[in-house]
Amino acid sequence: MKKIMLLGSGELGKEFVIALKRLGQYVIAVDSYNDAPAQQVADEREVISMLDGTELDRIVAKHKPDIIVPEIEAIRTERFYDYEKQGITVVPSAKAANFTMNRKAIRDLAAKELGLKTAKYEYANTLEELIAAVKIVGTPCVVKPLMSSSGKGQSVIKPEKDGSVSLTSIQKAWQYAQSGKRGDYTEVIAEAFVKFNSEITLLTVTQKSLPTSLGGGTTLFCPPIGHRQERGDYQESWQPAEIKPEHLKEAQEMATKVTKALTGFGIWGVEFFLADDGVYFSELSPRPHDTGMVTLAGTQNFSEFELHARAVLGLPIAEITLERVGASAVILADKEGKNPSYIGLEKAMNHTQSDVRIFGKPITRPYRRMGVVLAYDKVGSDVDKVKERAIEIAKEVRVESI
Ligand SMILES: Nc1ncnc2c1ncn2[C@@H]1O[C@H](COP(=O)(O)OP(=O)(O)O)[C@@H](O)[C@H]1O
Ligand SMILES: [Mg+2]
């Protein structure tokens, strides 16, 4: 049995802990607030600010975990290098966690070092630099803080009708990025807007080695997941997503390159845009991806959480197979409150080939994700119809809080 410390205890962490518990492991779930979803199913819990390196050091020394698994980005990840030196396995690796928490590190690695196709981009440390950057990348363009997630601080600069770019719109984007950034990092990235037809997450699993019957390689892929984003968070995801075979091959090659460069074992959510002129690498998370919750609909022989658990523990994954087509649709709160209750579950659960998961978050906020509806059908069915079904069922559930 391994002692695993999970840093971040949200809904993804909760499913991951359940997967670990099914394999007989011991888990300490950490978050900044008490009773976070994963803490409710773990053996022990810690409530600390994970951005505080001293606090992190304290709980690592106290519990002496064999494995540290980050579930979020907002962690003092520089400490991870030290934990690796102490002999603790950091998942997938200290390098991966550090590179992916900063858009600059990962983008430069992908575009410059590995030569992956990305949107044209420039960095800016000041408003003046952003004005220059926008000139280079052109409009429309997306401005993002280098450190942020869930679309925080992100906005699009659009050209005026005559094609010019107003100073006010650049100022607004700069201000918005400053208000949405994590930590005190002021630098932003300006990215050319990719007019994509769809976007996908390619769940990629790196593991020690595959059986020789599978070629003895180390990387496995899940069937691609399609998703739709709104306000910086995903609303629906579906699997498998439609993609041309040559584009899938290209995406898989890019995912292999970038995960190999970042090193380590586990599941990764690699995000791509599919556009008329090909596949663009966007970003990646070295952990289960929220759009991958669709795998809880039994779309695969193993969910993304079960895959992560095996990879993290160094246990083999003989294959990943598509077992059903499926979709997930989020259940959101609409106001601030506590002790939420869920109205409409009776109706929602009356549908066949579907399921409802409630995360058990103690506090609600506008647009906070509180649960997810899963729908599925047999392989070969129309995935769009399954997605529509998930959306319709999700509409039947309402979150009430006091
Ligand atoms: N260059 C771009 N062109 C078009 N859309 C983009 C671009 N960058 C981001 N987006 C949209 O914004 C979403 C969130 O951006 P992303 O870089 O993934 O940030 P986050 O780290 O917050 O997930 C993407 O999934 C995509 O829908
Ligand atoms: Mg993203």
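These numbers were taken from a predicted model, which means no experiment stands behind them.

A. Focus on the pairing of strand 9 (residues 188-192). In terms of burial, strand 9 is a largely internal element, four of the five residues being buried. In this sheet, strand 9 lies alongside strand 7 (residues 141-145) in antiparallel orientation, the contact comprising five bridges. By the bridge assignment, valine 142 is partnered in strand 9 with glutamate 191.

B. Summary view of the sheet that holds strand 3 (residues 44-47). The strand order across the open sheet built from five strands is 3-2-1-4-5, with neighbouring strands paired in parallel fashion. Edge strands, defined here as strands with exactly one partner in the open sheet, are strand 3 and strand 5 (89-90). Two strands pair when backbone bridges link them, and strand 2 (residues 26-31) and strand 3 are joined in this way by four bridges, in the parallel orientation. By the bridge assignment, alanine 29 is partnered in strand 3 with arginine 45. Lying over the sheet, helix 1 (residues 11-22) contacts strand 1 (3-7) and strand 2, oriented at roughly 170 degrees with respect to strand 2.

C. Representation of helix 11 (residues 383-395). For helix 11, which comprises 13 residues, the first-to-last C-alpha distance of 19 Å matches the rise-based estimate of 18 Å (1.5 Å per residue) to within 8%. The set of residues buried in helix 11 consists of Val383, Val386, Lys387, Arg389, Ala390, Ile393 and Ala394. Down the axis of helix 11, the buried side of the element spans an arc of 160 degrees, and every buried residue falls inside it. Buried residues belonging to helix 11 abut strand 13 (233-239), strand 16 (324-332), helix 10 (345-348), strand 19 (354-358) and strand 21 (369-378).

D. Broad picture of the sheet that holds strand 7. Here we have four strands laid out as an open sheet, ordered 6-9-7-8, and antiparallel in their pairing. Edge positions in the sheet fall to strand 6 (121-124) and strand 8 (155-157), since each of these pairs with one other strand and no more. Looking at each pair of strands side by side, their axes are set apart by 25 degrees on average, direction ignored. Sheet analysis places strand 6 next to strand 9, joined by four bridges and oriented antiparallel. In the strand pairing of strand 9, alanine 124 is matched with valine 188.

E. The domain arrangement of the protein chain, seen in detail. Partitioning the protein chain into domains gives domain 1 (3-90), domain 2 (120-192) and domain 3 (198-400). The distance between the C-alpha centroids of domain 1 and domain 2 comes to 34 Å.

F. The arrangement of the site of ligand 1 in detail. Near ligand 1, the surroundings consist of 14 residues, among which Ala119, Gly151, Glu191, Val194 and Gln229 are the closest. The residue makeup of the shell around ligand 1, split by class, is four nonpolar, six polar and four charged.

Calculation rules
Residues numbered from 1 in each chain as written. Chains lettered and ligands numbered in written order. Predicted model: local features only at pLDDT ≥ 70, side-chain atom pairs only at ≥ 80, totals over all residues. Buried ≥ 20, exposed ≤ 12 C-beta atoms within 10 Å, placed from the backbone. Helix = DSSP H or I, 4+ residues; strand = E, 2+ residues; numbered from the N terminus. Pairing = 2+ DSSP bridges. Contact = placed C-beta atoms within 7 Å. Axes fitted to C-alpha atoms, helices over the stretch in contact; angles between N-to-C directions. Expected span 1.5 Å × (residues − 1). Arc of directions from axis to C-beta. Domains from an automatic or database assignment. Near = placed C-beta within 6 Å. Nonpolar A, V, L, I, M, F, W, Y, C, P; charged D, E, K, R; others polar.

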